[in-house]
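Given next are the chains, with one letter for each unit.
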Amino acid sequence: MGSWTRPTCKCCLSRPVQPLVALEMNEDVNMETKRWLMTRIQTEKAAGGAELMVHPGEDDDGHVLIVSASRHVLLRAAEVLGFYKLYKDGSMISFSYRDRRNFKNSAERQFIILRTLENIKVVDEKYIPGYPTKTLYPGEAIFHRLQKSKILHAFYPLHHEEMLSELESDWYTCRKLTLQPIDSIYRYYGGSIAMYFSFLEFFTCSLAPMAIFGAMIVTLSMDTVDKCILFSVFNIIWSTVIMELWKRHSFVLSYTWGTLQMNSQFEEPRMGYEGPMGINPITLRQQPYYPAWKRKVKIWLVSVPVLCLFLAFSLYTMIIFFHMEAWVKAFYSESENCWSCVLYIPSILHTLCITVLNTCYKTVTEMLTEWENHRLESSFQNHLTVKVLVFRFVNCFSALFYISFYLQDLNLLRKKLASLLILTQIINQFLETLLPYFFKTLSGKAAGLKSGTLKNAPEIDKIKLQGQKATFPGMFDDYMELFVQFGYVSLFSCIYPLSAILIVLNNIMEIRTDALKLCHLFRKPFISPAANIGAWQIAFETLGFVSVITNCLLISITPQVKEYGTENNVTSNSVLIWAIGVEHVLLVIKVILAIAIPDVPQWVKLRMDRVEYRSLQALKNKLFEEDKGPGRETEKIDGITGPDSADGSLQASNTQLNLL
């Protein structure tokens, strides 16, 4: 890459520099702006800079900047951000720069650079150099301002070709049906993406017993009611056990990755957060401030009415579907030579309408959630998730509930569920993978790119080619797809037991296609630490409770139960009361199962308690030394003679205290 502009740090001069992040500015960017940005990136943090290394790309007149960092800066930032790392004794404790030799080196380099660049704030500039009309205010995030002003086109992490090639061979190009290399995915793509693929794999494997049991139920020569009851009980136990087991598994993953104990109370404001500058009472840093009551007004007076409007339109399309269904049935009964596939046309059209509405509402709600101006990224994601979940639940399941409990037409329910499962999976695969791959192939041919030419191309050309790819959209839609699948299986699969088999087949392909689009079709995303799947855990568990009610009511409306009630003079109200009673018993069993399965494995809990105990003892020892004063002999406290013997725990405590 040529010569780097380095900060004044001796440790930066002896090691080779690997490009980590690319900043792509507009091609007609003012050179004064580019030089100013390079200066702010390399300036020491005490002077308001980022203390990173920066390279001007091809030359000083280009519009691409390449950013990297020294090992010293990365390790210091890992301590400030509160990363938990594997210590020499096998425990996960807060990283300490002073005790860095006893930690295994696995710093999330690109994530650190992202956070460092986002925290570059305006010091004394009145406007963006080179653009006098674009004013700045003290404390404003420079990178967010450059993006809003359309000066900074994009910034993205760069691929490591050797690591990516090794990951591909172990992940989606492997012909064997082996488990995914989750730890390798974590090391390359970070916690949030690795957590999704781990959950996708866990969910798909957990569907295998459901698929086998469903196939057995279909082939057994049993009464329909007995099949429904047996499958419903199995379904309820299955939905409870897998979510509890996943919770335990996610704790193990997050502990192994060091994200379980990361503190979120010092989370910095998201880059899109705007407002007048104020002082954070905890960190005592200058940060934007936006009144909470204004955000609530926006939510209740704008976002909620928009949600209700989309829900009303979704219900209206459902009514149109039922009118079309009645018309097609009448037409089919009157026509002698009509094909039976005509009966599926209303379901297919309604499924397409559901997909279009989901896409439109997702776009609108992203704009609304951004406009609400949430301070933290976690808050932004939670509000976005709740909005989309509510609409998606009604849009995807309202027709099924209407068919089940109002029309009580189980044959129509099976047909509708089959069309939703098959058609939505085909549409999702096309939109998520095949369409982006098609456009990537066309753009590659139009540019005349060949693999051999690209392999021998200059480094800057490879970097620019990565920038030409589309931005990775995140895992939101993928989680939503799993949520809908879980709903189909847990809510209505007692009527259509083969649904689990269809989902397993889809998800086996989904793992490979998701890996393909992540590695080749989109830019590499910045990593994001994740301790669990967040709000999705609550969403899946809520569906599990709703499934108890749904399965009990579905059994009560089967023709066999109605016939039994007629023969034995049992009224429909009595059947409903019995169904509610059974539902309450099953809910109690579900709660008992959830309580009986601990969320945190015992060995993880013991290690966390051990680290906390040692941290407290190290802090107590430090306070004792300060009370004795300099030049006095250090006494042992609980067998600990000094901060270094505490295995770095003292520095872990001091790091958290220094953030206050």
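Just so you know, these numbers come straight off a predicted model, no measurement behind them.

(A) Looking closely at the overall build of the chain. Secondary structure summary: the chain contains 21 helices and 10 strands in total. The buried share of the chain, reckoned over its 660 residues, is 50%. Within the chain, counting contacts between residues at least 6 apart in sequence, those at least 24 apart form 73% of the total.

(B) Geometry of the pattern of salt bridges. Here the structure, examined in full by the defined rule, presents 19 salt bridges. R76 is paired through a salt bridge with E79; the nearest N and O atoms lie 3.8 Å apart. In this pair, R76 and E79 both sit in helix α2 (residues 71–80), three residues apart, roughly one turn of the helix. The partner of E366 in a salt bridge is K362, with the nearest N and O atoms 3.2 Å apart. Of this pair, E366 and K362 both sit in helix α10 (residues 345–371), four residues apart, roughly one helical turn. By sharing partners, the salt bridges in this structure join E244, K247, E541 and D599 into a single network.

(C) The arrangement of the packing of helix α7 (residues 191–219) against helix α16 (residues 499–521) in detail. Running from N to C, α7 and α16 cross one another at 160 degrees; their axes reach a closest spacing of 8 Å. By the criterion of interaxial angle, the relationship of α7 to α16 is roughly antiparallel. Between α7 and α16 the crossing geometry is left-handed. Of α16, the residues touching α7 (which contributes I193, Y196, F197, L200, E201, F203, T204, L207, A208, M210, A211 and A215) are A500, I501, I503, V504, N507, I508, E510, I511, D514, A515 and L518. Counted by class, the contact of α7 with α16 contains 18 nonpolar, two polar and three charged residues.

(D) Structural view of the pairing of strand β8 (residues 152–157). With five of six residues buried, β8 lies mostly within the body of the structure. As paired strands, strand β1 (residues 21–25) and β8 are joined by five bridges and run antiparallel to one another. Its bridge partner lying in β8, M25 is registered against L152.

(E) Expanded view of helix α14 (residues 459–467). Within α14 the residues assigned to the buried category are I460, K462, I463, Q466 and G467. On an axial view of α14, the arc spanned by its buried residues comes to 160 degrees, and they lie on one face.

(F) Just the nonpolar core, in detail. Core analysis: the largest hydrophobic core is formed by 94 residues, its most contacted members being W171, Y189 and F197. No other element matches the 13 residues that α7 contributes to this core. In contact with F197, other than residues within four places in its own chain, are W171, Q180, I182, I185, M475, I511, D514, A515 and L518. Within the second largest apolar cluster, 42 residues are counted, among which are L65, V67, L75 and I120.

(G) Layout of the sheet that holds β1. Ordered by their spatial adjacency, four strands build an open sheet running β2-β3-β1-β8, and the pairing between neighbours is antiparallel. The sheet terminates laterally at β2 (53–55) and β8, the two strands that pair on one side only. Each strand axis lies, on average, 20 degrees off the axis of its neighbour in the sheet, ignoring direction.

(H) Seen up close, the environment of L343. In this fold, L343 is placed in the loop between α9 (292–334) and α10. Each C-alpha atom of the pair L343 and K415 lies 9.3 Å from the other, and the pair is 72 residues apart in sequence. The residues touching L343, leaving out its near neighbours within four places in the chain, are E325, V328, K329, Y332 and K415.

(I) Region of the structure containing unusual backbone geometry. Notably, K150 is not glycine yet its phi reads approximately 65 degrees, a positive angle. Within the fold, K150 resides in the loop between α4 (142–148) and β8. Phi is positive for N373, close to 65 degrees, though the residue is something other than glycine. With respect to the secondary-structure elements, N373 resides in the loop between α10 and α11 (377–407). The class of N373 is buried, set by a relative accessible area of 7%.

(J) Focus on the side chain of T351. Of note, T351 is situated in helix α10. Among the polar contacts listed, one links the side chain of T351 to the backbone oxygen of S347, at a separation of 2.7 Å. Here T351 is in contact with K416, S419, L420, L423 and T424, once residues within four sequence places are set aside.

(K) Representation of the environment of W536 in the model. With respect to the helices and strands, the residue W536 is situated in helix α17 (residues 535–556). Considered as a pair, W536 and L389 are 147 residues apart in the sequence and their alpha carbons are 9.3 Å apart. The residues contacting W536, other than those within four sequence positions of it, are T385, L389, F476, Y479, M480 and F483.

(L) Inspection of a nonpolar patch on the surface at higher detail. On the surface, a nonpolar cluster with roughly 410 Å² of combined accessible area is contributed by Y344, I345, I348, L349 and L352. Along the chain, L349 falls in helix α10. You can call L349 partly exposed: its relative accessible area is 42%.

(M) Seen up close, the confidence of the model for the chain. In the predicted model, the chain carries a mean pLDDT of 82, and the fraction of residues at 70 or more is 84%. Per-element confidence in the chain is highest for β1, whose mean pLDDT is 93, and lowest for helix α21 (residues 649–658), whose mean pLDDT is 35. Ignoring residues within four places in sequence, the model shows residues 10–14, a span with pLDDT below 50, making six contacts including any to other chains. Taken together, the stretch residues 632–660 has pLDDT below 50 and engages in 72 contacts with residues farther than four places along the chain or on a different chain.

(N) Local environment of the state of the cysteines. By the definition in use, this model includes zero disulfides. Lacking any disulfide linkage, C360 is separated from the closest cysteine sulfur, that of C353, by 9.3 Å.

(O) Structural view of helix α3 (residues 109–118). Here α3 lies mainly inside the structure; eight of its 10 residues are buried. Of all the positions in α3, only Q110, F111, I112, I113, L114, T116, L117 and E118 are classed as buried. Those residues of α3 that are buried are in contact with β1, α1 (31–42), β3 (64–68), α2, α4 and β8.

(P) Broad picture of the packing of aromatic side chains. In the structure shown here, the tally under the stated rule is 36 aromatic pairs. Ring centres of F199 and Y479 lie 6.3 Å apart, and the angle between their planes is 35 degrees; on these two criteria the pair is classed as tilted. Pair noted here: F199 is in helix α7 and Y479 is in helix α15 (residues 476–492), with a separation of 280 residues, a long-range link. Pair check on accessibility: F199 and Y479 agree, each one buried.

(Q) Expanded view of the packing of α11 against α15. Packing of α11 against α15 brings their axes to within 11 Å, and their N-to-C directions diverge by 30 degrees. With respect to α15, the axis of α11 lies roughly parallel. As for how α11 packs across α15, the hand of that crossing is right-handed. Here L384, T385, V388, L389, R392, F393, C396, F397, L400, F401 and S404 of α11 lie close against α15, whose contacting residues are F476, M480, F483, V484, G487, Y488, L491 and F492.

Rules used throughout
- Residues numbered from 1 in each chain as written.
- Predicted model: local features only at pLDDT ≥ 70, side-chain atom pairs only at ≥ 80, totals over all residues.
- Heavy atoms only, no water.
- Helix = DSSP H or I, 4+ residues; strand = E, 2+ residues; numbered from the N terminus.
- Buried < 20%, exposed > 50% of the residue type's maximum accessible area, 1.4 Å probe, protein only.
- Contact = heavy atoms within 4.5 Å.
- Salt bridge = Lys/Arg side-chain N within 4 Å of Asp/Glu carboxyl O.
- Axes fitted to C-alpha atoms, helices over the stretch in contact; angles between N-to-C directions.
- Parallel < 35°, antiparallel > 145°, perpendicular 65-115°, else oblique.
- Left-handed = near helix turned anticlockwise from the far one by under 90°.
- Nonpolar A, V, L, I, M, F, W, Y, C, P; charged D, E, K, R; others polar.
- Pairing = 2+ DSSP bridges.
- Arc of directions from axis to C-beta.
- Core = buried A, V, L, I, M, F, W, Y, C linked by side-chain atoms within 4.5 Å.
- Polar contact = N/O pair within 3.5 Å; in protein donor to acceptor, adjacent residues only side chain to side chain.
- Patch = residues over 30% accessible without salt bridge, like charges linked within 9 Å, V, L, I, M, F, W, Y side chains within 5 Å.
- Areas by Shrake-Rupley, 256 points an atom, 1.4 Å probe, with all protein chains shown as cover.
- pLDDT = per-residue confidence, 0-100.
- Disulfide = S-S within 2.5 Å.
- Phe/Tyr/Trp six-rings, centres within 6.5 Å; stacked < 30°, edge-to-face > 60°.

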